[in-house]
Amino acid sequence: MAVRVCERLRPLLKTSHLSPISFVRKAAIAKAKYGGRHTVTMLPGGGIGPELMAYVKEVFRFAGVPVDFETVSIDPQSEGNEDLEYAITSIRRNGVCIKGNIETKSLTAGVQSRNVAIRSELDLFVSVLHCKSYPGVRCRHKGIDVILVRQNTEGEYAMLEHESVSGVVESMKVVTAENAERVARYGFEYAKKLGRKKVTTIHKANIMKLSDGLFLETSRKVAKDYPNIQHNDMIIDNCCMQLVSNPHQFDVMIMTNLYGAIVSNVVCGLVGGAGLISGINYGDHYAVFEPGTRNTGTAIAGKNIANPIAMLSASVDMLEHLGFHYHATNIRKAIEYTINEDRLHTLDLGGTSSSTDIVHNVLKRIEKLTEGHNWMGKSY
Ligand code: NAI
């Protein structure tokens, strides 16, 4: 399909990033390693972000994780970009970042969402959420295990809006063949690596025939390179209905940016809500880890009731990415014991535990798991 590109959209077409071999965890290279320790950027964000980051630090300190944090706070009221630029420079230097959701309070046209700006500036073209049920969390459906692969830098988040005449606002949805291919190939490679059987492309090509049409057509083309993986597609409306009625039919899902935001929230809701699942933003050079639904949780900030699991899981994903598998495995197991065996749950999961009850139990579990081992996992 020939697509004419308006000059204003040129910066969105980063064709040089099409690197067919740089998929699946290999994508981002962690850089800042000195004397066996990694430095990573920490962006606490707003709402519950700072308290959740304090828990991550506490768990890392307790578990002896050799990671140091370079913390950068971004003022939500700010209309300038100085602190944002500082944060981006820090991520470029360190290669890896853990973040909470950064609020952008300004409603002034042209002031970008900080979260979107970070993803676009660092070309974090794909977001991956592994949504898996915890057996200890009571939900309508059991045994959900779905991987969401979302285009992360364009689509409905292009932030190109204008008022053409008074009372008429236009918003551009940008889909490029390059980025559609990158995300589709990432999804299929990920499915292949994890031995998954099926990939479903989510779209609205019946209405958005050019933009979603290109996204769908591209994923169908990529699917031909993966004959052992079944490929189908589904319209976003039906997808939401199918997800709530029969989520087990889904394995790996590929989608554009806004559908990814919606589907992430639906699936996170199905397995227990905003406080459980982590999400990863990948590009060819950088990786950013955060809670999957990317909420701020402002209404519950400072009350010791926020569920710390999504952010702790994000920190475990980060440790795996950095190659600290011993620490990652222990913290992941400690989280699972806390939720499934000890059945400590915060309010959002129908429990009565505080955030700090959960974190202290995770620490207790880490202590048991690491008894008789030094910080590198060697027994003594
Ligand atoms: P919110 O922050 O109010 O969260 C939605 C619900 O989930 C609330 O009931 C909250 O209490 C609950 N929740 C979130 N995290 C939790 C946790 N760890 N433990 C227990 N409960 C938790 O979400 P809302 O109102 O949709 O968004 C707030 C802000 O976040 C807005 O400024 C929005 O722009 C931004 N946002 C940004 C996204 C992005 O991708 N950049 C995505 C979603 C929201």
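Look a little higher up for the structure.
It should be emphasised that the depicted structure is a prediction, and the values quoted were computed from it without experimental measurement.

K.L.:
Would you take a moment to explain the overall build of the protein for this structure?
P.N.:
The secondary structure content of the protein amounts to 10 helices and 13 strands. The C-alpha radius of gyration computed for the protein amounts to 21 Å, which stays within 12% of the reference 21 Å derived for 380 residues, consistent with globular compactness. Along the longest, intermediate and shortest principal axes, the C-alpha atoms of the protein span 65 × 45 × 40 Å. In the protein, which comprises 380 residues, the proportion classed as buried is 54%. The contacts of the protein with a sequence gap of at least 6 include a subset with a gap of at least 24, amounting to 76%. Accessible area of the protein: about 17,100 Å², with a carbon and sulfur share of 53%. When the 44 basic and 39 acidic side-chain charges of the protein are each reduced to a single mean position, those positions are 6 Å apart.

K.L.:
I tried to follow the packing of helix α1 (residues 49-63) against helix α8 (residues 309-322) on my own but got confused; where do I start?
P.N.:
Any two packed helices are characterised by how steeply their axes cross, that is the angle between the axes, and by the distance between the axes. Running from N to C, α1 and α8 cross one another at 50 degrees; their axes reach a closest spacing of 9 Å. In this view, α1 runs oblique relative to α8, as classed from their interaxial angle. As α1 runs across α8, the sense of the crossing is right-handed. Here α1 contributes L52, M53, Y55, V56, V59 and F60 to the contact with α8, which in turn contributes M311, L312, S315, M318 and L319.

K.L.:
Explanation requested: the pattern of salt bridges in the structure shown.
P.N.:
Two side chains that carry opposite charge are able to pair once their charged atoms sit near each other. Throughout the structure, instances matching the rule amount to 18 salt bridges. One connected set of salt bridges, linked through shared partners, spans K99, R119, E290 and R294.

K.L.:
Sorry if this is basic, but what is going on with the environment of M255 here?
P.N.:
Within the element layout of this structure, M255 appears in strand β11 (residues 252-255). Judged by relative accessible area, which is 0%, M255 ranks as buried. For the pair M255 and F215, spaced 40 residues apart in sequence, the C-alpha to C-alpha distance is 8.3 Å. With sequence-adjacent residues up to four places away left out, M255 is seen in contact with L148, V149, R150, Q151, I202, F215, G260 and V263.

K.L.:
Explain the pairing of strand β2 (residues 37-43) here, please?
P.N.:
Successive residues of a regular strand alternate their side chains across the two faces of the sheet. Summarising burial for β2: 6 of the 7 residues are buried, a large majority. Pairing between strand β1 (residues 33-34) and β2: 2 bridges, direction antiparallel. When the sheet's bridge partners are listed, K33 is paired in β2 with H38. The sheet contact formed by β2 and strand β3 (residues 67-71) spans 5 bridges and is parallel. From the neighbouring strand, T39 faces β3, where its bridge partner is D68. With respect to chirality, the unit in which β2 leads through α1 into the neighbouring parallel β3 is right-handed. The pairing of β2 with strand β4 (residues 96-99) spans 3 bridges and is classified as parallel. Paired with T41 across the two strands is C97, which belongs to β4.

K.L.:
In this structure, what is going on with unusual backbone geometry? I would like to understand it.
P.N.:
Most peptide bonds take the trans form, and the phi angle of most residues other than glycine is negative. With a phi angle near 50 degrees, D123 is a residue other than glycine that sits in the positive phi range. Within the fold, D123 resides in the loop between α3 (114-121) and β5 (126-132). Judged by its relative accessible area of 8%, D123 is buried.

Cut-offs and rules
- Residues numbered from 1 in each chain as written.
- Predicted model: local features only at pLDDT ≥ 70, side-chain atom pairs only at ≥ 80, totals over all residues.
- Heavy atoms only, no water.
- Helix = DSSP H or I, 4+ residues; strand = E, 2+ residues; numbered from the N terminus.
- Rg over C-alpha atoms; globule rule 2.2 N^0.38 Å.
- Buried < 20%, exposed > 50% of the residue type's maximum accessible area, 1.4 Å probe, protein only.
- Contact = heavy atoms within 4.5 Å.
- Areas by Shrake-Rupley, 256 points an atom, 1.4 Å probe, with all protein chains shown as cover.
- Lys, Arg positive; Asp, Glu negative; His and termini not counted.
- Charge placed at Lys NZ, Arg CZ, Asp CG, Glu CD.
- Axes fitted to C-alpha atoms, helices over the stretch in contact; angles between N-to-C directions.
- Parallel < 35°, antiparallel > 145°, perpendicular 65-115°, else oblique.
- Left-handed = near helix turned anticlockwise from the far one by under 90°.
- Salt bridge = Lys/Arg side-chain N within 4 Å of Asp/Glu carboxyl O.
- Pairing = 2+ DSSP bridges.
- Right-handed = clockwise from strand over helix to strand, strands pointing away.

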